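As a plain string of letters, each chain reads:
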Amino acid sequence: MLPPYADLLGLTLDTDDAGHPIVAMAFADDLLGRPGFVHGGAIGGMLEMAAWVALRHALGADEATIKPINVTIDYMRGGRERTTWAAGSVTRLGARIANVAATAWQDDRDRPIAAARLNYLLRR
């Protein structure tokens, strides 16, 4: 279900206790940015994949083509050398536009390391 870019980051798909999709990224040396921290681009890519998965989940059987319009990422703290998780939440699902929020965390979901807001164009 994940696009090929997810393989480059080593992303895997899981679900939370409520059955919503969660993306996991195990730390690897290829993801290293400054010493001891995950590269911001890897975190940003992970957030985009988490948003994409959440939107695909919300669309269900609708095979709409999803094209990103805008991506805004807020980095809150450095991601350390450990597994990172991310989840997306569809905040608006219209006929042509979808808005999705995504957060990434490591040890505590209530202490995100980054958050993103994404707008998508839907072609049905």
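Heads up: the structure comes first, above all this text.
Residues numbered from 1 in each chain as written. Predicted model: local features only at pLDDT ≥ 70, side-chain atom pairs only at ≥ 80, totals over all residues. Heavy atoms only, no water.

**Student:** What exactly am I supposed to notice about the pattern of salt bridges here?
**Tutor:** If charged atoms from side chains of opposite charge come close, those side chains can pair. The final tally for this structure, using the stated rule, is four salt bridges. Between Arg-117 and Asp-74 there is a salt bridge whose closest N-O contact spans 2.8 Å. Placement of the pair is Arg-117 in strand S6 (residues 114-123) and Asp-74 in strand S3 (residues 65-75), with a sequence separation of 43 residues. A salt bridge links Asp-107 to Arg-82, with the nearest nitrogen and oxygen atoms 3.5 Å apart. Taken together, the positions of Asp-107 in the loop between strand S5 (97-105) and S6 and Arg-82 in the loop between S3 and strand S4 (84-93) put the pair 25 residues apart, joining distant regions of the chain. (Salt bridge = Lys/Arg side-chain N within 4 Å of Asp/Glu carboxyl O. Helix = DSSP H or I, 4+ residues; strand = E, 2+ residues; numbered from the N terminus.)

**Student:** Is there a simple way to think about the pairing of strand S2 (residues 21-25) in this case?
**Tutor:** Working note: regular strand, side chains alternate between the two faces of the sheet. Summarising burial for S2: five of the five residues are buried, a large majority. Going residue by residue along S2, you find Pro-21, Val-23 and Met-25 tucked away on one face and Ile-22 and Ala-24 tucked away on the opposite face as well. Taken together, the five bridges between strand S1 (residues 11-15) and S2 define a ladder with antiparallel strand orientation. Considered in S2, the bridge of Leu-11 is made with Met-25. Hairpin connection of S1 to S2: five residues between the antiparallel strands, including Gly-19 at a positive phi of 90°. (Buried < 20%, exposed > 50% of the residue type's maximum accessible area, 1.4 Å probe, protein only. Pairing = 2+ DSSP bridges.)

**Student:** Even after reading the chapter, I still don't get helix H2 (residues 40-59), so can you show me in this structure?
**Tutor:** Each α-helix winds once per 3.6 residues, and so residues spaced three or four apart point in a common direction. Here H2 is 20 residues long and its end C-alpha atoms lie 29 Å apart, about the 28 Å a rise of 1.5 Å per residue gives. Downstream of H2 by one or two residues, Gly-60 has phi in the positive range, about 60°. (Expected span 1.5 Å × (residues − 1).)

**Student:** Would you mind showing me how to read the sheet that holds S6 here?
**Tutor:** Within a sheet, adjacent strands bond to each other through the backbone by hydrogen bonds, running parallel or antiparallel. If you walk across this open sheet you meet the six strands as S1-S2-S4-S5-S6-S3, and the pairing is antiparallel. A single partner strand is all that each edge strand has here, and the edge strands are S1 and S3. Looking at each pair of strands side by side, their axes are set apart by 25° on average, direction ignored. The sheet strands contacting H2 are S1, S2, S3, S4, S5 and S6, and the helix crosses S4 at an angle near 45°. (Axes fitted to C-alpha atoms, helices over the stretch in contact; angles between N-to-C directions. Contact = heavy atoms within 4.5 Å.)

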